[in-house]
Amino acid sequence: MEKLRVGILGATGMVGQRFIDLLNNHPWFDVVTVAASPRSAGKKYSEAVEGRWKMDNPIPESVADLVLKNVNEVEEIASGVDFVFSAVDMTKDEIKAIEEAYAKTETPVVSNNSAHRWTPDVPMVVPELNPEHFEIIEAQRKRLGTKRGFIAVKPNCSIQSYAPALFALKEFEPKEVVVSTYQAISGAGKNFKDWPEMVENIIPYIGGEEEKSEKEPLRIWGRVEDGEIKLNPDAPKITAQCIRVPVLYGHTATVFVNFGKKPTKEQIIEKWESFSGEPQKLDLPSAPKQFIRYMEEDNRPQVQADVNYENGMGVSMGRLREDTLFDYKFVGLSHNTIRGAAGGAVLCAELLTAKGYITKK
């Protein structure tokens, strides 16, 4: 197939850089436009990120010489691309406005930002868990007055380390969940050079994160009805604490859960290991072959050993055991800037393309 032309909004930030890294040599998508704030516009991409390129791989040659455009020049950018990924760093209201502006130029927007996660007709999707939520795009297009333009978003990075594990166990009716997440500094767009006070330190607060961690899984659990995503009353109740830890990549979660129908340990592991969704059925380019794996060793999953499982697109579970207050407890690990951010959005775009929502202009 002819590759789709992609623009990256917010291309100089950490998530924007991760998009560029992941899309290098992508079989379906070709990055043709990079955009950022007006202060970076006009510079070559390699100049704009000089000294602050945070990926392990070098800047792809195909992108290094692209001249950054001003992200606010919506019509100009939209005219040269088939769709855009959004990782802009603005206020919520500014993000909402600019993403809608792009959608109204008939340019699909696949966003890593949180601004539209609770817009009733915007799908917030983990492709293996709730791909049917993409059906809401039809209602959104009616509201926007578009034929092909729309906005789709992916959820918060931290929930990837436990929401898939709970979702895979739906038939056992998870009821109450207590989760603590131990989140990497790259989740704040930083590395240790930028944030020296995080070395050998833990900060017991991440602004807005606990609310997202408690509420966003419930929206994934929801259903499409009357032109919006409605929450299901049978979704689990979740309470969360979110802590910043001195790790570069990888969000770890400790989870306690009560079930309506308590499974055996063997049943839980079997459900996790056999769980798959549309990305696996369709063999999408970024899809992990095995989305969830269970590790038997007492000291796994570990960030250093396991964060890059399935190229950072799989999630690892471990330490599943019965608990004295809850039915079970376990530990989860996911890569926060790959599965949790840019990679999750790329997989959404692949599924939207496979389903015919994103096409050539």
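To be clear, the structure that these remarks concern was listed above.
Residues numbered from 1 in each chain as written. Predicted model: local features only at pLDDT ≥ 70, side-chain atom pairs only at ≥ 80, totals over all residues. Heavy atoms only, no water.

Comments concerning the state of the cysteines
Part 1: Per the counting criterion, the structure on display carries zero disulfides.
Part 2: C242 carries a free sulfur, and the closest cysteine sulfur to it, the one in C157, is 9.3 Å from it.
Part 3: Sulfur of C348: no disulfide; nearest cysteine sulfur belongs to C157 and is 14 Å away.
Part 4: For C348, a relative accessible area of 1% corresponds to the buried category. (Disulfide = S-S within 2.5 Å. Buried < 20%, exposed > 50% of the residue type's maximum accessible area, 1.4 Å probe, protein only.)

A look at the nonpolar core
Part 1: Judged by nonpolar contacts, the single largest core of 55 residues is most densely connected at L9, Y102, W272, I292, M317, L320 and F330.
Part 2: If we ignore the near neighbours within four places in the chain, the residues touching F330 are A165, L166, A253, T254, V255, V257, W272, M317, G318, R319, L320 and R321.
Part 3: Among the nonpolar cores identified, the runner-up in size contains 44 residues, and I20, V34, Y45 and F134 belong to it. (Core = buried A, V, L, I, M, F, W, Y, C linked by side-chain atoms within 4.5 Å. Contact = heavy atoms within 4.5 Å.)

Some remarks on unusual backbone geometry
Part 1: Residue P301 follows R300 across a cis peptide bond; omega there is 0°.
Part 2: Tracing the sequence through the fold places P301 in the loop between β12 (292-295) and α11 (303-306).
Part 3: Although it is not a glycine, E173 sits at a positive phi angle of roughly 55°.
Part 4: A residue is classified by how much of its surface remains accessible, and E173, at 29% relative accessible area, is partly exposed. (Helix = DSSP H or I, 4+ residues; strand = E, 2+ residues; numbered from the N terminus.)

With respect to the pattern of salt bridges
Part 1: The full count for this structure, using the stated rule, is 24 salt bridges.
Part 2: Linking D82 and K360 is a salt bridge whose minimum nitrogen-to-oxygen distance equals 3.1 Å. Of this pair, D82 sits in the loop between α4 (74-78) and β4 (83-86) while K360 sits in the segment after α12 (338-354), and the two are 278 residues apart along the sequence.
Part 3: For D82, a relative accessible area of 0% gives the class buried. (Salt bridge = Lys/Arg side-chain N within 4 Å of Asp/Glu carboxyl O.)

Some thoughts on the packing of aromatic side chains
Part 1: Summed over all chains, the structure comprises 14 aromatic pairs.
Part 2: Pairing F83 with F85 gives two aromatic rings, centres 5.1 Å apart and planes at 75°, and the pair type is edge-to-face.
Part 3: A residue is classified by how much of its surface remains accessible, and F85, at 0% relative accessible area, is buried.
Part 4: Relative to F330, the ring of W272 lies with its centre 5.0 Å away and its plane at 70°, an arrangement referred to as edge-to-face. One end of the pair, W272, is in helix α9 (residues 265-274); the other, F330, is in strand β14 (residues 328-334), and 58 residues separate them in sequence. (Phe/Tyr/Trp six-rings, centres within 6.5 Å; stacked < 30°, edge-to-face > 60°.)

A word on helix α1 (residues 14-23)
Part 1: Counting buried residues along α1, eight of its 10 residues qualify, which places the element largely inside the surrounding structure.
Part 2: Considered for burial, the residues of α1 that qualify are M14, G16, Q17, R18, F19, I20, D21 and L23.
Part 3: Where α1 terminates, the next one or two residues include N25, which has phi positive at roughly 65°.

Describing the environment of Y162
Part 1: Within the secondary structure layout, Y162 lies in the loop between β6 (151-153) and α7 (163-167).
Part 2: With relative accessibility at 0%, the residue Y162 sits in the buried group.
Part 3: C-alpha separation for the pair Y162 and T146, spaced 16 residues apart in sequence, amounts to 36 Å.
Part 4: Not counting chain neighbours up to four residues away, the residues in contact with Y162 comprise V179, T181, S213, P217, A253 and V255.

Topic: α12
Helical periodicity: at 3.6 residues per turn, an α-helix aligns residues three or four positions apart in one direction.
Part 1: Between the first and last C-alpha of α12 there are merely 21 Å, a value that for 17 residues lags more than 12% behind the 24 Å anticipated at 1.5 Å per step.
Part 2: Along α12, the sharpest kink reaches roughly 50°, centred on G344.
Part 3: With its phi angle positive at about 85°, G356 sits one or two positions after the end of α12. (Expected span 1.5 Å × (residues − 1). Bend = angle between axes of the 7 residues up to and from the residue.)

A closer look at the packing of α1 against α12
Part 1: Put simply, α1 and α12 touch, their axes get as near as 9 Å, and they point 55° apart. For the element pair α1 / α12, the angle class is oblique. Seen from above, α1 lies across α12 with right-handed handedness. Residues V15, R18, F19, L22 and L23 of α1 touch α12, and the partners they reach there are I338, A341, A342, G343, A345 and V346. (Axes fitted to C-alpha atoms, helices over the stretch in contact; angles between N-to-C directions. Parallel < 35°, antiparallel > 145°, perpendicular 65-115°, else oblique. Left-handed = near helix turned anticlockwise from the far one by under 90°.)

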